[in-house]
Amino acid sequence: MSYTLPLPGRADRLDIVDPNSTAVQRALRRDGLAGYEAVTMATLLTLFEQQAPGFSFYDVGANMGLYSLLCAALFDVQTVHAFEPTPSTAATARRIVRANNANVAVFECALGDENQMAELHLSDASDSSNSLVRGFQASHSSVSVPVRRLDLHVAETKVFPSVVKVDVETHEAAVLKGAHRTIADGRPHLVVEVLNRGGRDHGVEITEVMQSHGYTYYRLDEAPSWQPEVVVSGTLSGPHRDWLLAPEPLPDSFLQMHRRWAEHLAACGPERNSRVPMARTAVAAFRRGGVAEVALAAQRYRAARRRQGDQRSM
C-alpha cells in the first residue's frame with residue numbers, strides 16, 4: 001500500500017504507507033500537513049535548516065515518525081534517531097522508513113532518567129497518548145518496555161543530536177533529566193511538549209530541570225510572539241502545547257525562515273494527499289471501533305469536503 005503527502009517546498013512526496021493505522025496517519029489523511037501541529041512543524045523545519053550539513057536529530061516519542069521522516073527527506077543529515085516504545089507503532093514507523101528509504105533508525109524504547117523496564121500504559125482513547133505515567137489517560141492495558149537515559153544512548157552510539165523533540169505525555173522532565181550531560185555539553189535545541197493536567201503544571205518541573213543550563217524559552221502558541229519567557233508553563237487545553245528551549249536567543253533569521261516554512265506547510269492541505277477509497281477508510285474505522293467509529297469517520301469526511309468546498313469558493 002502507498003499513501004503519499006506533498007513535501008513542503010518540494011515537488012516530491014512523502015509516503016506514509018497507510019492512512020489509517022495510527023492516529024497521526026489518520027490526522028494527516030484528514031487535514032494534511034497544513035493541519036498537523038503547523039507551528040511546531042515550522043519551528044522544527046527552521047531549526048533543521050539552520051544546522052550545518054551532517055547534523056543529527058533525536059525524535060523522542062516519535063509515533064509513526066513524521067518529524068523524523070521530514071527531517072531525513074528535506075535536509076542533509078548524518079542520521080535521525082526515532083524513539084517509539086509502543087510495539088505496533090514502532091513497527092509502523094519502520095515500515096514507513098523502509099518505504100521512503102529514509103536515513104532514520106527506529107529504536108523501540110522509551111527515554112527517561114533511569115535505565116530500567118517500565119510499564120507503558122496504552123491509552124483507551126488514542127495510540128498517540130500512550131504514557132509511562134499511570135493515569136495520564138484511561139487505560140485498561142499496558143506493555144513492559146525498556147527505558148534508557150538519553151545520555152547513555154549518546155555515549156554508546158556516538159551520535160550527538162543538534163535538535164531534540166520530546167513529546168512523551170507528561171514524562172518530558174524525566175527525559176530531560178536523563179539528557180543532562182548531552183544538554184550541558186552539546187547544547188542542542190529542544191522542542192518539548194508541556195502540559196498542565198489534573199492541577200499539575202509540568203512546566204514547573206521542566207523549568208527546574210533546565211535551570212542550570214541557561215536556555216531561553218519560547219512558547220509555540222498559535223501566533224508566537226518570539227519573546228523569551230522566564231519560566232516554562234503548561235497548557236490546560238488546545239492544540240498548542242509545545243515550547244522551544246534554545247541554547248541562546250533566536251537570531252532574526254529564525255523568524256524569516258519560520259514564516260517561509262509556515263507558508264510552505266499551508267500549501268500542503270488534504271486536497272493534495274493521495275486519494276483513498278471511502279470503503280477502505282470505513283473498514284479501518286470498523287476495526288477500530290465498530291459502527292460508531294464508522295459514523296464518526298463519515299462525519300469527519302463530510303466536514304472535510306465542506307471545508308474544501310468553502311476554500312474553493314473563496
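Further up the page is the structure itself.
Residues numbered from 1 in each chain as written. Predicted model: local features only at pLDDT ≥ 70, side-chain atom pairs only at ≥ 80, totals over all residues. Heavy atoms only, no water.

Q: Just to check I follow, could you spell out the overall build of the protein for this structure?
A: Along its length, the protein carries ten helices and 14 strands. Taken over 314 residues, the protein has a buried fraction of 52%. A separation threshold of at least 6 residues defines the contact pool for the protein, and within that pool the share at least 24 residues apart is 68%. Element-wise, carbon and sulfur atoms account for 51% of the exposed surface of the protein, whose accessible area totals about 14,300 Å². (Helix = DSSP H or I, 4+ residues; strand = E, 2+ residues; numbered from the N terminus. Buried < 20%, exposed > 50% of the residue type's maximum accessible area, 1.4 Å probe, protein only. Contact = heavy atoms within 4.5 Å. Areas by Shrake-Rupley, 256 points an atom, 1.4 Å probe, with all protein chains shown as cover.)

Q: What am I meant to see in the packing of aromatic side chains here?
A: Between two aromatic rings, the relevant description is the distance of the centres plus the angle of the planes. Within this structure, the stated rule accounts for eight aromatic pairs. When the ring of Phe 48 is compared with that of Phe 55, the centres are 5.9 Å apart and the planes differ by 20°; the resulting orientation is stacked. (Phe/Tyr/Trp six-rings, centres within 6.5 Å; stacked < 30°, edge-to-face > 60°.)

Q: When you look at the packing of helix H2 (residues 38-49) against helix H9 (residues 252-266) in this model, what are you seeing that I'm missing?
A: Two numbers describe a pair of packed helices, the interaxial angle and the distance between the axes. The contact between H2 and H9 brings their axes to 8 Å, and the two run at 125°. As far as their axial angle goes, H9 and H2 are oblique. The handedness of the crossing between H2 and H9 is right-handed. The residues of H9 that touch H2, namely those facing Ala 38, Val 39, Met 41, Ala 42, Thr 43, Leu 45, Thr 46, Leu 47 and Glu 49, are Phe 254, Met 257, His 258, Arg 260, Trp 261, Ala 262 and Leu 265. Class assignment for the residues of the contact of H2 with H9 results in eleven nonpolar, three polar and two charged. (Axes fitted to C-alpha atoms, helices over the stretch in contact; angles between N-to-C directions. Parallel < 35°, antiparallel > 145°, perpendicular 65-115°, else oblique. Left-handed = near helix turned anticlockwise from the far one by under 90°. Nonpolar A, V, L, I, M, F, W, Y, C, P; charged D, E, K, R; others polar.)

Q: Can you help me understand the pattern of salt bridges in this one?
A: In a structure, side chains of opposite charge can pair up when their charged atoms sit close to one another. A complete count under the given rule lists ten salt bridges for this structure. Notably, a salt bridge pairs Arg 241 with Glu 193, separated by 3.3 Å at the nearest N-O pair. Here the residue Arg 241 occupies a position in the loop between strand S13 (216-219) and strand S14 (242-246), and Glu 193 occupies one in strand S10 (residues 189-193), the gap between them amounting to 48 residues. The partly exposed category is assigned to Arg 241, whose relative accessible area is 25%. Across the pair Arg 219 and Glu 229 runs a salt bridge, and its minimum N-O distance is 3.9 Å. You can see Arg 219 sitting in strand S13 and its partner Glu 229 sitting in the loop between S13 and S14, a full ten residues away along the chain. A relative accessible area of 33% places Glu 229 in the partly exposed class. (Salt bridge = Lys/Arg side-chain N within 4 Å of Asp/Glu carboxyl O.)

Q: Can you walk me through the environment of Cys 268 in this structure?
A: By the secondary structure assignment, Cys 268 is in the loop between H9 and helix H10 (278-313). Remark: the alpha-carbon pair of Cys 268 and Ala 34, spanning 234 residues in sequence, is separated by 5.1 Å. If we skip the residues at most four places from it in the chain, Cys 268 touches Pro 6, Leu 7, Pro 8, Asp 31, Gly 32, Leu 33 and Ala 34.

Q: Just to check I follow, could you spell out the sheet that holds strand S8 (residues 139-149) for this structure?
A: Strands belonging to one sheet form pairs held by backbone hydrogen bonds; the direction of such a pair is parallel or antiparallel. Strand order in the open sheet made by the three strands is S6-S8-S7, with mixed pairing throughout. Across the chains shown, the open sheet's two edge strands, defined by having one partner strand only, are strand S6 (110-112) and strand S7 (116-123). In this sheet, adjacent strand axes meet at a mean angle of 50° when their direction is disregarded. Sheet analysis places S6 next to S8, joined by three bridges and oriented parallel. Bridge pairing in S8 places Gly 112 opposite Arg 149. Across the face of the sheet, helix H5 (residues 150-157) comes into contact with S6 and S8 while running at roughly 50° to S8. (Pairing = 2+ DSSP bridges.)

Q: Would you explain the sheet that holds strand S9 (residues 163-166) in this entry?
A: If you walk across this open sheet you meet the seven strands as S5-S4-S3-S9-S10-S14-S13, and the pairing is mixed. Edge positions in the sheet fall to strand S5 (104-107) and S13, since each of these pairs with one other strand and no more. Pairwise comparison of adjacent strand axes, ignoring direction, gives a mean angle of 15° for this sheet. As paired strands, strand S3 (residues 55-60) and S9 are joined by four bridges and run parallel to one another. Residue Asp 59 lies in a different strand from S9, and its bridge partner there is Lys 165. Across the sheet, H5 is in contact with S3, strand S4 (77-83), S5 and S9; its angle to S3 comes to roughly 145°.

Q: Even after reading the chapter, I still don't get the packing of H2 against helix H3 (residues 66-74), so can you show me in this structure?
A: As a packed pair, H2 and H3 sit with axes 11 Å apart at the nearest point and diverge in direction by 35°. When you trace H2 past H3, the crossing you get is right-handed. Residues Thr 40, Met 41, Leu 44, Leu 45 and Phe 48 of H2 lie in contact with H3, whose contacting residues are Leu 66, Tyr 67, Leu 70, Cys 71 and Leu 74. A class-by-class count of the residues in the contact of H2 with H3 yields nine nonpolar, one polar and no charged.

Q: I tried to follow the nonpolar core on my own but got confused; where do I start?
A: One broad trend across soluble globular proteins is that nonpolar side chains are buried collectively. Leu 33, Met 41, Leu 45, Phe 48, Phe 57, Leu 66 and Leu 244 are the most contacted members of the largest nonpolar core, which totals 49 residues. For this core, the elements supplying multiple residues, two or more each, are helix H1 (23-31), H2, S3, H3, S4, helix H4 (87-100), S14 and H9. Filtering out sequence-adjacent residues up to four positions away, Phe 57 remains in contact with Leu 44, Phe 48, Tyr 67, Ser 68, Cys 71, Thr 79, Val 80, His 81, Val 163, Val 164 and Lys 165. Core analysis: the next-biggest nonpolar cluster, separate from the first, contains 27 residues, Val 164, Val 166, Ala 173 and Ile 206 among them. (Core = buried A, V, L, I, M, F, W, Y, C linked by side-chain atoms within 4.5 Å.)

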